[in-house]
Amino acid sequence: MATPAVQVERPNYLNSTHGIRSWLLTTDHKRIALLYLMSVTFFFFIGGLFALLIRLELLTPAGDLVMADTYNKLFTMHGQIMVFFFLIPSIPAILGNFLVPMMVGAKDLAFPKINLLSWYIYIFAGGLMMYCIVTGGVDTGWTFYTPFSTAFSHTQVVMAALSIFINGFSSILTGLNFVVTIHRMRAPGLTWRRLPLFIWSHYAVSIIFLLGTPVLAITLLLVFFERAFNLGIFDPTRGGDPLLFQHLFWFYSHPAVYIMILPSMGVVSEIVPCFSRKRIFGYEFVAMSSIGIAVIGFLVWAHHMFVAGISLYAALIFSILSYLVAVPSAIKVFNWTATMYKGSISLDTPMLYALGFIGLFTIGGLTGLFLAALGVDVHVHDTYFVIAHFHYVMVGGAVMGYMGGLHFWWPKMTGRMYPEIWGKLAAVTIFLGFNLTFFPQFILGYLGMPRRYWEYPPEFQVWNVLSTAGASILAVGYLLPMVYMIWSLRYGKIAGDNPWGAAGLEWTTQSPPITSNFEVTPEVTWEAYNYDEIPAPEEVPVG
Amino acid sequence: MSEHIIPSKIYYIIWVTLMVFTVITAEVASVDLGPFNTAVALIIATFKATLVVLFFMHVKYTSEKMTKTVIMCAIFWLGLLLILSLADFATRATG
Amino acid sequence: MADTSALATQEHEHSDLQHHFADMEQQKEASTLGMWVFLGTEIMFFGGMFLAYLVYRLKYYNEFAAGSQSIDITLGTINTMVLICSSLTVALGVKAAQRGKRKLLIVLIILTLIFGLGFLGIKGIEWYQKYQEHHVPGISFNISDIQHAHPKTPLNPGHAQLYFSLYFALTGLHALHMIIGVGIFLALLWMAWKGRFGPDYYTPMEIGGLYWHFVDIVWIYLFPLLYLIDRKHIP
C-alpha cells in the first residue's frame, strides 16, 4: 500500500550520512541502538537454535539425538547466549540507547564514544563466544559451578569465562552512561517526578549493572586464574569452598534477572497508559518500586543455594528476603491494572504484548514465591519447575516486553509502521506457543523430572512432547516479526511523528528523528503521562 | 564545583600524615594487642583512605552530593556482599 | 540556559566542548560523575576478592598468619610509601593543570610515573622472591621453610596455597590497575606537553587523578591485609 517513492524523505539520522564507516564509527546513540538490534537478534536466534535442539532431544525419553556430553553443552550454550548476549543487553542496549537521551530531552548520551565502545566490546565478546562454540563449547551449565568448571571440565571454560568477563564491561559502561545522562543531562523543567517510568526502570537497571556486574567479573577472573595459573581459590582439595564461588556468582546473577525484567517493566509502563489513554496509576509507587526491586534484588541471592550446603540460618534469612522482593513487583502489577480500569483500551500489538507480560509475569513471579519457600524448594530445586518459573518471567515477561517495546517504538525508530494484522497474529502465536511450551514444565517439575537431564523416565514423555510442540509454535511466532518488520522497512506505511498519540518527549520529534533529536532543547512544563491533554490518534494504524 | 584551588600546604600535610601512619601501622603490628591488632590495622587504613578521599580526591571541597552518594553506596553494597555472605559462612556447623 | 547567551557562545567556541553538552560546566560535571561511578564499580570488583580473603582468613587463620609473615614487610612498607608519594605528585599535578602551569605539571607527571614504575619494580622483586622460595601455588609449592619457622603450629600446605593464591591474585590485579594507571598518565603527559590544560579545561587530569588515588587506596588496604596479619610473635 505504501508508495515510498512519492514521499520526499526528510533528513533524519538514518539518511544523514552514508556508507559503512558512518555506521561502524558512529557515535549517534540511535545508530548504535540499531547496531545492537542486529547483533542481539543474531544471538537470539543462535540461542534459539540450541533451545530447539534441546527440545528435539527431549521428544523421546531415551537419549537418542545427541550424546550426553553434547546435551550438557546444548543447555550450557543456550543459557549463556540467551542470558548474556540476548536478554541482558536486549532492551537497555537497543531501546534504552535509542530512547534515554530522547526521553530526557538530550542530544545524545553523556559519553557517546563510550557507547560505541560498549557495542564493540559486546561484539568482541560475542566473537569469543562463537569461537568457543565452534571449538567444542562448554558443558558446565551457564552457572559455571566449581569445582567442575575449574578442575574437571575438559571444555572451553577459559574462553567462555573470558568472553562473559569482557561482555560485562559492555554492561558496566552502558549503566554508567545511563546514570550520568539521567543525572546531568535532563532538559530544563524535567524534574525527577516528570520522568517517564521507562527512565526510572533504566536508572534502576543501571544501578544493578554498576554494582553487580563487577562481582561477576571478579568471579570469572578467579575461575580463569584457577584454570590458567592453578591459583586454587575454589579447589576443595586445598581447602577451597565451592560455595564461595556460588555466593560470588549469585551475588551478580540474581540481580541479573532484575536486569532482565526491569527494562521490560519500563516498557509496559509506557505502553499501558498509552493504550488506556490514561495517566499511569500511582506514578510514585511504580517509580519507587523500580528502585526497590533493584535494591532488594541484591539481598536474595542465596535462594539459589538452599540445598547447596548453606547454613539453615542463612537459608531462613534469604527465604524471608525473597518474599520481600516480590512486593515491589506486585505493586507494579496492581498499578498497571488500576491504570487500565476505566481507561479507553485499544488492543494494538504493543498492548497485546503488554497484557501478555502482565499475566505471564504474574504466574512466573508467583511460582518464584513457591521456590522461595524452603520446604517446597527442597522438592523442586533443580527440576523443571525451576525452568518453567524462570522462563515464565524471562520469556513470558522480559521477552514479551521486548517485543512490545520494539513494536511500540518501531515507527519512531524507522519512520514506518509494521503491518498491524501480522503484528497481532505473531503476538497471539507467541503467547499460545509460549504457554504450551512451558506450562507442562511446571507439571514435569512437580512430578520430579530433573533439569539438565538428557534422558528421562517414559512417564514424563507426554508433557515433554507437548512442550516441544509448543516450542515449534513459539519459534514460528518469533520468526514472523523478523520477516514483517524487515518487510516494513521498505513497504510499511509511513508513520507520522506520533502514530499512537503517546506522551513523552520522544514522540514530539520527527519519525525517524534528526541526528540531534531536537531542533531546539525542549523546556518541559507538563507532567508525565498527560493523556488528558493528548488527543487519541485519528485512526488505528493498519498495515 | 571544585574550581576551588586548594593550598599546596594542605597536600604536604596530608602526605606527611599518610607517611607517618604507614610507619605506625607497620610498627604496631609487632605489638601484641591480641584480637585488636586487626581492628587497629584496619582503622588506620580507613583513616588513611579517608584522608586520600577527602583531600587528594577533593571530596571535602566539592558541593556535589552525587559524589558522596556514589561513594557511600559502593561501600554499603560491598558491606552487603560481605555481611550477608558471612551470614552463611559464620553460621555453619563446624567440621 | 539559552544557547544564544554571550557566555554560551564563548564556550561554544571552546575547542574541547563536545557537541552534545550545553556548556563546559555540564561536560566537566558529567565526566567527573562518570569517573566516580566507575570507581564505585571498582570497589565491587576488588570487593569480590576481599570476600574470598575474608572467608579463608577466618577459616585458616594459622596458615594466613604464617604466610603473611613470610612476605617482606620492609619492601611492603616502602612500596606503600612510594604510592603515597605518587598520590602527592598527582594531587599537586592536578592543581598545576588547573593553574595552567605547564612545566610544573610535566615534572609532576613524570615524578608520578617514576613512583608508579618504582612500585611495580619493587612488586616484581617481591614476586620473584616468592618464586625463589617456592611459595607460588602449583607443582613446586613448598612451605617447609614456613613450617620450620612455626614448629609448634601444624600448617596445612593446601590452606597455605589459598593464602598465596589470594596474595598473587590481589597484588596481581592491583598491579594491573597500576599499569593501566601508568598508561593513563603517559597519555596525560602527552596532553600536558601539548599545552592542553588550563583553568577552563583540566578535566582529564582531574579524572585521571581520581583513578590513581583509588588504586592507591586499594593498596592502603592490601598492605595490612596481606602483610600485617600477624607480626607479633617470633615463631
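Rules and cut-offs
Within each chain, residues carry numbers counting from 1 in the order of the written sequence. Chain labels run from A onward and ligand labels from 1 onward, assigned in the order the entries are written. Only residues with pLDDT of at least 70 get local features here, since the model is predicted, and only at 80 or more are side-chain atom pairs given and counted; chain-wide, interface and lining totals rely on the full set of residues. Counting from the N terminus, the helices are DSSP H or I runs at least four residues long and the strands are E runs at least two residues long. When we talk radius of gyration, it's over C-alpha atoms, and the globule rule is simply 2.2 Å times the number of residues to the 0.38. Comment: burial labels come from other C-beta atoms within 10 Å of the residue's own C-beta, placed from the backbone, where a count of 20 or more is buried, 12 or fewer is exposed, and between is partly exposed. We call two residues in contact when their backbone-placed C-beta atoms lie within 7 Å. Residue count minus one, scaled by 1.5 Å, sets the expected span of a helix. Under the scheme applied here, ten amino acids are nonpolar (Ala, Val, Leu, Ile, Met, Phe, Trp, Tyr, Cys and Pro), four are charged (Asp, Glu, Lys and Arg), and all others, including Gly, are polar. To get an axis, fit a line to the C-alpha atoms, keeping to the stretch in contact for a helix; angles then go from 0 to 180 degrees between the N-to-C directions. For classification purposes, an angle smaller than 35 degrees is called roughly parallel, one larger than 145 roughly antiparallel, one from 65 to 115 roughly perpendicular, and anything else oblique. Crossings are sorted by hand: turned counterclockwise from the far helix by less than a right angle, the near helix makes the crossing left-handed, and turned clockwise it makes it right-handed. What pLDDT reports is the predictor's confidence in each residue, on a scale of 0 through 100. What the bend at a residue measures is the angle between two axes, fitted to the seven residues ending there and to the seven starting there.

**Observations concerning the overall build of chain A**
Item 1. Secondary structure summary: chain A contains 15 helices and zero strands in total.
Item 2. By the compact-globule yardstick of 24 Å for 543 residues, chain A fits well, its C-alpha radius of gyration being 23 Å.
Item 3. With the C-alpha coordinates of chain A rotated into their principal frame, the extents come out at 70 × 45 × 45 Å.
Item 4. A buried classification covers 58% of the 543 residues belonging to chain A.
Item 5. Sequence-distant contacts, at least 24 apart, represent 86% of the contacts inside chain A between residues at least 6 apart.

**Observations concerning the overall build of chain C**
Item 1. Check the secondary structure of chain C and you find eight helices and zero strands.
Item 2. For 235 residues, the compact-globule formula gives about 18 Å, and the C-alpha radius of gyration of chain C, at 23 Å, lies well above that figure.
Item 3. Viewed in the frame of its principal axes, chain C has a C-alpha envelope of about 80 × 30 × 30 Å.
Item 4. Residues classed as buried in chain C amount to 50% of the 235 residues present.

**Here's the deal with helix H5 (residues 102-132) of chain C**
Think of an α-helix as 3.6 residues a turn; residues three or four steps apart then line up on the same face.
Residue and element names in this part refer to chain C.
Item 1. Here H5 contains 31 residues, and its C-alpha end-to-end distance of 45 Å stays within 8% of the 45 Å for a straight helix at 1.5 Å per residue.
Item 2. Buried within H5 we find Leu105, Leu108, Ile109, Thr112, Phe115, Gly116, Phe119 and Lys123.
Item 3. As for H5, its buried residues are in contact with helix H4 (73-98) and helix H7 (157-193).
Item 4. Trailing H5 by a residue or two, His134 shows a phi angle of about 60°, which is positive.

**Quick look at the interface of chain A and chain C**
Item 1. Listed per partner, the contact involves 33 residues of chain A and 30 residues of chain C.
Item 2. Those elements that provide at least two residues to the side of chain A that touches chain C are helix H6 (157-184), helix H7 (197-229) and helix H8 (242-274) of chain A.
Item 3. For the side of chain A that touches chain C, the element with the highest residue contribution is H7 of chain A, accounting for nine residues.
Item 4. Residue composition of the side of chain A that touches chain C, by class: 21 nonpolar, seven polar and five charged.

**Details of the interface of chain B and chain C**
Item 1. The partner chain C presents 33 residues to the 35 residues of chain B that form the contact.
Item 2. Counting only elements with at least two residues in the side of chain B that touches chain C, the list comes to helix H1 (8-28), helix H2 (36-56) and helix H3 (65-89) of chain B.
Item 3. Ranked by residues supplied to the side of chain B that touches chain C, first place goes to H3 of chain B with twelve residues.
Item 4. Of the residues belonging to the side of chain B that touches chain C, the class tally is 26 nonpolar, seven polar and two charged.

**Some points on the environment of Trp119 of chain A**
All names here are of chain A.
Item 1. Checked against the element boundaries, Trp119 lands in helix H4 (residues 112-134).
Item 2. Distance from Trp119 to Thr135, taken between C-alpha atoms, is 24 Å for residues 16 residues apart in sequence.
Item 3. Residues in contact with Trp119, not counting those within four places in the same chain, are Ile32, Leu35 and Tyr36.

**Considerations on the packing of H4 of chain C against H5 of chain C**
All names here are of chain C.
Item 1. Contact geometry for H4 and H5: axes closest at 8 Å, N-to-C directions at 160°. With respect to their mutual orientation, H4 and H5 come out roughly antiparallel. Seen from above, H4 lies across H5 with left-handed handedness.
Item 2. Partitioned by chemical class, the residues of the contact of H4 with H5 number 18 nonpolar, seven polar and two charged.

**Thoughts on the confidence of the model for chain A**
Item 1. Summing up the model confidence of chain A, the mean pLDDT is 95 and the portion of residues at 70 or higher is 97%.
Item 2. Scored below 50 in pLDDT, residues 1-6 of chain A makes six contacts in the model with residues more than four places away or belonging to other chains.

**A word on unusual backbone geometry**
All names here are of chain A.
Item 1. Residue Pro147 follows Thr146 across a cis peptide bond; omega there is -5°.
Item 2. With respect to the helices, strands and loops of the structure, Pro147 is situated in the loop between H4 and helix H5 (148-152).
Item 3. Unlike most non-glycine residues, Tyr529 shows phi in positive territory, near 55°.
Item 4. Mapped onto the elements of the fold, Tyr529 is located in the segment after helix H15 (461-491).
Item 5. For Tyr529, a count of 24 C-beta atoms within 10 Å translates into the label buried.

**Regarding the environment of Ser39 of chain A**
All names here are of chain A.
Item 1. With respect to the helices and strands, the residue Ser39 is situated in helix H2 (residues 29-57).
Item 2. With 84 residues separating them in the primary sequence, Ser39 and Ile123 have C-alpha atoms 7.7 Å apart.
Item 3. When near neighbours in sequence (up to four residues on either side) are disregarded, Ser39 contacts Tyr122, Ile123 and Gly126.

**Here's the deal with the packing of helix H2 (residues 24-59) of chain C against helix H8 (residues 203-227) of chain C**
The angle between the axes and the distance between the axes are what describe a pair of packed helices.
Residues and elements named next belong to chain C.
Item 1. Between H2 and H8, the least distance of the axes is 10 Å, while the angle of their chain directions is 15°. By the angle between their directions, the pair H2 and H8 is classed as roughly parallel. The two elements H2 and H8 cross, and the hand of that crossing is right-handed. Here Lys28, Ser31, Thr32, Met35, Trp36, Leu39, Glu42, Phe46 and Tyr53 of H2 lie close against H8, whose contacting residues are Thr203, Glu206, Ile207, Leu210, Tyr211, Phe214, Val218 and Leu225.
Item 2. Taken together, the residues that form the contact of H2 with H8 break down as eleven nonpolar, three polar and three charged.

**Regarding the environment of Phe144 of chain A**
Residues and elements named next belong to chain A.
Item 1. Looking at where Phe144 falls in the secondary structure, it is placed in the loop between H4 and H5.
Item 2. Given 24 C-beta atoms within a 10 Å radius, Phe144 is considered buried.
Item 3. Linking Phe144 and Thr41, residues 103 residues apart in sequence, is a C-alpha distance of 25 Å.

**Some words on the confidence of the model for chain C**
Low-confidence regions, as indicated by low pLDDT, have predicted coordinates that should not be scrutinised in detail.
Residue and element names in this part refer to chain C.
Item 1. Mean pLDDT over chain C: 92, with 93% of residues reaching 70 or higher.
Item 2. Segment residues 1-11 is flagged for pLDDT under 50; beyond a separation of four residues in sequence, or across chains, it makes eight contacts in the model.
Item 3. Reported confidence for the predicted complex is 0.93 by ipTM and 0.94 by pTM.

**Concerning H7 of chain A**
Residues and elements named next belong to chain A.
Item 1. Compared with the 48 Å implied by 1.5 Å per residue over 33 residues, the 47 Å span of H7 between its first and last C-alpha is a close match.
Item 2. Gly212 marks the point of greatest bend in H7, at about 30°, and the proline Pro214 comes within the next four residues.
Item 3. Most of H7 sits inside the fold, with 28 of its 33 residues counted as buried.
Item 4. Immediately beyond the C-terminal end of H7, within one or two residues, lies Asn230, with a positive phi of roughly 60°.

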